[in-house]
Amino acid sequence: WMADAAHELRTPLTVIQGELEALLDGVRPLDQAAIASLHAEATHLGALINELRELALADLGALDYRMAEVALAALVDECLAANAGRLAQHGLTVDWRPPARPVRVHGDARRLRQLVENLLENSLRYTDRGGRIAVSLATAPAGVRLDWQDSAPGVPDAMLGQLFEPFVRGDPARGRDEAGGGRGSGLGLAIVRRIVQAHGGTIVASSSALGGLALHIDLPALPEAT
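Just so you know, these numbers come straight off a predicted model, no measurement behind them. (Residues numbered from 1 in each chain as written. Predicted model: local features only at pLDDT ≥ 70, side-chain atom pairs only at ≥ 80, totals over all residues. Heavy atoms only, no water.)

Novice: Requested: an account of the environment of glycine 46, with residues and values cited.
Specialist: Turning to its location among the elements, glycine 46 is positioned in helix α2 (residues 32-59). With a relative accessible area of 27%, glycine 46 lands in the partly exposed category. The sequence separation of glycine 46 and proline 12 amounts to 34 residues, and the corresponding C-alpha distance is 9.8 Å. (Helix = DSSP H or I, 4+ residues; strand = E, 2+ residues; numbered from the N terminus. Buried < 20%, exposed > 50% of the residue type's maximum accessible area, 1.4 Å probe, protein only.)

Novice: Residues and numbers for the sheet that holds strand β4 (residues 132-140), please.
Specialist: Picture the strands of a sheet paired through backbone hydrogen bonds; they go either parallel or antiparallel. Taken in spatial order, the 5 strands of this open sheet run β2-β4-β5-β7-β6, and their pairing is mixed. Edge positions in the open sheet fall to β2 (93-97) and β6 (202-207), since each of these has one partner strand only. Between one strand axis and the next, the sheet turns through 15° on average, direction left out of account. Relative to β4, β2 runs parallel, the two being bridged by 5 bridges. Bridge assignment links tryptophan 96 to a residue of β4, and that residue is valine 135. Against the sheet, helix α5 (residues 109-126) engages β4, β5 (143-151) and β7 (211-219), with an angle of about 20° to β5. (Pairing = 2+ DSSP bridges. Axes fitted to C-alpha atoms, helices over the stretch in contact; angles between N-to-C directions. Contact = heavy atoms within 4.5 Å.)

Now the structure itself:
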């Protein structure tokens, strides 16, 4: 795990070092493009460090959770609305099917929002431009079921069970990042699983009928929502 983390951290640092050396040697001019490139790498490095910290805290059981009643459908709706511009920019359409009646869970609204944002980020990064995302939320026998699917490219069946491990990105086809604009850390789904588990739920990956990845999340519901 530490070796993988060191490898992931080394990549943006190597890029930053190489670009700075090129600037110092006069091989590359210090212009707006160079500054933007360095900023992008520093931003990626910062995000990776933050996700590593979140994952380490989750594994230690030290993440802060403030449990209360959460209207899950409203939370999903807000996240999708807040990212409507990015989705349109990357040519992705969203089929959002909220439940027929309010669905409430006992959870931490901030962590559940992080969960939805990580799912969205995963689809943005690894779904071909012009693709689709299908999201549905409904009551289920075990409580509440959130289904998240995207279109091609998909993940080989043999790798589906590994997607929630740190630094696993699935098939290289889902690493082309045609839509997302930037590299994924390989930590987003690992953090999602830990948030789901902290809420007493389960998450399973499968092949999507749309040609990509499907994620099925079951969470316990409040008695009023069942």
